[in-house]
Amino acid sequence: MLNNAAHYSKSGQHARRRLTQYGYPQVAAKTGLPLWMLGLGVERLRADMNRLLALLFHQGVLDEQYLQLQQLQDESSPNFVSEVVNIYFQESEKLLRNLRFLLEFSDYKKMGVHLNQFIGSSSSIGAKRVRNVCVAFRVASEQNNRLGCLRALELLEHEYCYLKNKLHELFQFRATDRAAKTASSYSQVSSPALKQKPKWRKLG
Amino acid sequence: MARNGVFSRRWRAEEFDKLCSSLDSDEVHVLAVDDSLVDRKVIERLLKITSCKVTTVDSGRRALQFLGLDEQESSVGFDALKVDMIITDYCMPGMTGYELLKKIKGSSFREIPVVIMSSENVLARIDSCLEEGAEDFLLKPVKLSDVKRLKDYMFSEDRSRTEAKGMNKRKLPETSSDDPSTPTTLSPSPSIDMSSTPSSESSSSPFSPRTFSSSISADSSSNSTVSSMPSSPTSPGSPTRRLKITGQDL
């Protein structure tokens, strides 16, 4: 038993390097890594994901409402967050297009209506910074302040882009995490020791 | 969704049957009204997670249609569809949540508790909604704790109340209200500090359907306080009326 353990740690180092190089699911398939080995990679993945989430909170990009959405996600609704967020993206892009159009024609009243929508949906998913820019934008539109509106719209587009990219990153992490879980569940090893012996030798 | 009267009747009949067969008589059925798809998804999930049956519609008009209150008279009886609560956004194009509230309170569905949601914390707005008979006012973004609280004080109380009417009566002398002319009952569970109105399922209840509560619990920070202003009961002969405890503190 002890011999096998030594084997594991050496091969483990190689595997870990590969995990970072190729990405977790592919490595799992190629090397037939045992469950516990894959577990190491998944932990790092989750650490990165949590770090990103913490950063977004720290930057004020997201607020507690996003966590509330995560709470609503479970086995019966495993993709709830990404579903809602994707709806939000679709709606937001429409709103942004409309806002740009309305600004061309200085229709401040209609802009206000769109902004109300944008504020509402942003707060519902916890998009704090986007929401705050919308609020400032609304103030400018209420004052018929064209320059203020222009600036606010640019800032809004910027904030929205940043949010979208970061949320996509988060979802990527989650997808990889899930794929890794699925891959490891396909690997036939339930206990590390005996079943994988031949494949271990190949790794050396 | 249905556009003309005939089609809507047919749709309703099918929906009605589907809903009837899937409705557990114990399950709370909530009609959620919001023009934002994002918010509809969220409120739907919030309600489902608290074991409610949910129907979402995107406008006040559709809500009235669903209830059978629109101009197109439906031959299908809606009593069995049993909407136990309506939760609606305030700011909606066309018919606002406030207008929807008024329409419902002026209809045969006035017993159904209506909850208003809004992203704006405007006291005047909150006041007018509560004056019109809104059960509660939730500040968006709506959280799980808000929905749980709502469900708890509106529905688990109802059930325990209909079972334990004797208990309530016993409490009467201990719990004096501000208004000596109207006897009050309070919830048997001391942790619930809000009054509620009976849902349509207990329409035979003697309690006045039109008291409102401020959306207060000690830990609820997102909701606003409202002065206690009892609305006039629709059944003036009702022997008891529930007042909110927090109102007495103000």
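Residues numbered from 1 in each chain as written. Chains lettered and ligands numbered in written order. Predicted model: local features only at pLDDT ≥ 70, side-chain atom pairs only at ≥ 80, totals over all residues. Heavy atoms only, no water.

Visitor: Before we go on, may I ask you to explain the overall build of chain B in this structure?
Guide: Assigned secondary structure in chain B consists of eight helices and five strands. Each helix (α) and strand (β) of chain B, taken in turn from the N terminus, gives the series α-β-α-β-α-β-α-β-α-β-α-α-α. Expressed as a percentage of its 250 residues, the buried residues of chain B come to 55%. Long-range contacts, defined as pairs at least 24 residues apart, comprise 68% of the intrachain contacts of chain B with a sequence gap of at least 6. Total accessible area on chain B stands at roughly 10900 Å², and carbon and sulfur atoms take up 51% of it. (Helix = DSSP H or I, 4+ residues; strand = E, 2+ residues; numbered from the N terminus. Buried < 20%, exposed > 50% of the residue type's maximum accessible area, 1.4 Å probe, protein only. Contact = heavy atoms within 4.5 Å. Areas by Shrake-Rupley, 256 points an atom, 1.4 Å probe, with all protein chains shown as cover.)

Visitor: Explanation requested: the overall build of chain A in the structure shown.
Guide: When its secondary structure is counted, chain A shows nine helices and zero strands. Overall, chain A shows an N-to-C arrangement of helices and strands of α-α-α-α-α-α-α-α-α. The buried share of chain A, reckoned over its 204 residues, is 45%. Within chain A, residue pairs in contact and separated by at least 24 positions form 67% of the contacts whose partners lie at least 6 positions apart. Put simply, chain A shows about 11200 Å² of open surface, and 54% of that area lies on carbon and sulfur atoms.

Visitor: What should I look at first to understand the side chain of Asp177 of chain A in this one?
Guide: Residue and element names in this part refer to chain A. The topology assignment puts Asp177 in helix α8 (residues 146-186). Here the side chain of Asp177 touches Arg46 through a polar contact of 3.2 Å, side chain to side chain. The residues contacting Asp177, other than those within four sequence positions of it, are Val42, Leu45 and Arg46. (Polar contact = N/O pair within 3.5 Å; in protein donor to acceptor, adjacent residues only side chain to side chain.)

Visitor: Just checking my understanding: could you explain the pattern of salt bridges for this structure?
Guide: Residue and element names in this part refer to chain B. Counted by the stated rule, this structure contains 16 salt bridges over all chains. The partner of Lys140 in a salt bridge is Asp39, with the nearest N and O atoms 2.7 Å apart. Of this pair, Lys140 sits in the loop between β5 (136-139) and α6 (144-163) while Asp39 sits in helix α2 (residues 37-49), and the two are 101 residues apart along the sequence. Residue Lys140 is classed as buried on the basis of its relative accessible area, which comes to 10%. Connected through salt bridges with shared partners, the residues Asp34, Asp39, Asp89 and Lys140 form a single ionic network. (Salt bridge = Lys/Arg side-chain N within 4 Å of Asp/Glu carboxyl O.)

Visitor: Teacher, can you tell me more about the pairing of β5 of chain B here?
Guide: Every regular strand shows the same layout, with side chains that alternate between the two sheet faces. Residue and element names in this part refer to chain B. Here β5 shows no split at all, with Asp136 and Leu138 on one side and Phe137 and Leu139 on the other all buried. Where strand β4 (residues 114-118) meets β5, four bridges bridge the pair, whose relative direction is parallel. Opposite Ser118, over in β5, you have Leu139 as the bridge partner. Each parallel crossover has a hand, and the one from β4 via helix α5 (residues 123-131) to β5 is right-handed. (Pairing = 2+ DSSP bridges. Right-handed = clockwise from strand over helix to strand, strands pointing away.)

Visitor: What exactly am I supposed to notice about the sheet that holds strand β2 (residues 52-57) of chain B here?
Guide: Across a sheet, strands are paired by hydrogen bonds formed along the backbone, either parallel or antiparallel in direction. All names here are of chain B. Read across the open sheet, the five strands follow the order β2-β1-β3-β4-β5; overall the sheet is parallel. Edge positions in the open sheet fall to β2 and β5, since each of these has one partner strand only. For this sheet the average axis-to-axis angle between neighbouring strands, irrespective of direction, equals 20°. As defined by bridge partners, strand β3 (residues 85-89) adjoins β4 across four bridges and the pair is classed as parallel. Bridging from a neighbouring strand, Thr88 pairs with Ile116 of β4. In the packing of helix α4 (residues 97-105) onto the sheet, contacts are made with β1 (28-33), β3 and β4, and the angle to β4 comes to roughly 175°. Contacting β4 and β5, α5 runs over the sheet at an angle of about 150° to β5. (Axes fitted to C-alpha atoms, helices over the stretch in contact; angles between N-to-C directions.)

Visitor: What is the right way to look at α2 of chain B in this model?
Guide: Residue pairs three or four apart in sequence face the same way in an α-helix, which turns once every 3.6 residues. With 13 residues, α2 of chain B should cover 18 Å at 1.5 Å per step; its first-to-last C-alpha distance of 18 Å lies within 8% of that length. Of the positions making up α2 of chain B, those classed as buried are Val38, Asp39, Arg40, Val42, Ile43, Glu44, Arg45, Leu46 and Leu47 of chain B. (Expected span 1.5 Å × (residues − 1).)

Visitor: Looking at this structure, how should I read the UniProt feature "modified residue: 4-aspartylphosphate" (unreviewed entry) in chain B?
Guide: UniProt records the feature "modified residue: 4-aspartylphosphate" (unreviewed entry) for Asp89 of chain B in the present numbering. Discounting chain neighbours no more than four positions away, the residues touching Asp89 of chain B are Val33, Asp34, Asp35, Gly97, Met117, Ser118 and Lys140 of chain B. (UniProt positions renumbered as here; feature names shortened; annotations may be inferred.)

Visitor: I keep staring at the packing of aromatic side chains and nothing clicks. Help me out?
Guide: What characterises a pair of aromatic rings is the spacing of the ring centres plus the angle enclosed by the ring planes. Summed over all chains, the structure comprises four aromatic pairs over all chains. Judged by centre distance (6.2 Å) and plane angle (50°), the ring pair of Tyr88 of chain A and Phe89 of chain A falls under tilted. For Tyr88 of chain A, a relative accessible area of 0% translates into the label buried. An angle of 50° between the planes, with centres 5.1 Å apart, marks the rings of Phe101 of chain A and Phe105 of chain A as tilted. Judged by its relative accessible area of 59%, Phe105 of chain A is exposed. Through successive ring pairs, a cluster of aromatic residues spans Tyr88, Phe89, Phe118 and Tyr160 of chain A. One residue, Lys164 of chain A, lies across the ring of Phe89 of chain A, its end atom 5.5 Å from the ring centre. Here the basic side chain of Arg45 of chain B rests over the ring of Phe80 of chain A, its NZ or CZ set 5.9 Å away from the ring centre. (Phe/Tyr/Trp six-rings, centres within 6.5 Å; stacked < 30°, edge-to-face > 60°. Lys NZ or Arg CZ within 6 Å of the ring centre and 35° of its normal.)

Visitor: Got a minute to help me understand the interface of chain A and chain B in this structure?
Guide: Interface size, as often reported, equals the accessible area lost upon joining of the parts. Facing the 19 residues of chain A at the interface are 15 residues of chain B. Of the roughly 1600 Å² buried where chain A meets chain B, counting both sides, 60% is carbon and sulfur surface. Between chain A and chain B we count two salt bridges in total. With its nearest N and O atoms 3.0 Å apart, the salt bridge here joins Arg45 of chain B to Asp74 of chain A. Our enumeration of links across chain A and chain B arrives at eight residue pairs in polar contact (both at pLDDT 80 or more). Those elements that place two or more of their residues in the side of chain A that touches chain B are α4 (64-71), α5 (80-104) and α6 (108-125) of chain A. Along the lines of polarity and charge, the residues of the side of chain A that touches chain B split into seven nonpolar, nine polar and three charged. (Buried area = accessible area lost by both parts, 1.4 Å probe. Nonpolar A, V, L, I, M, F, W, Y, C, P; charged D, E, K, R; others polar.)

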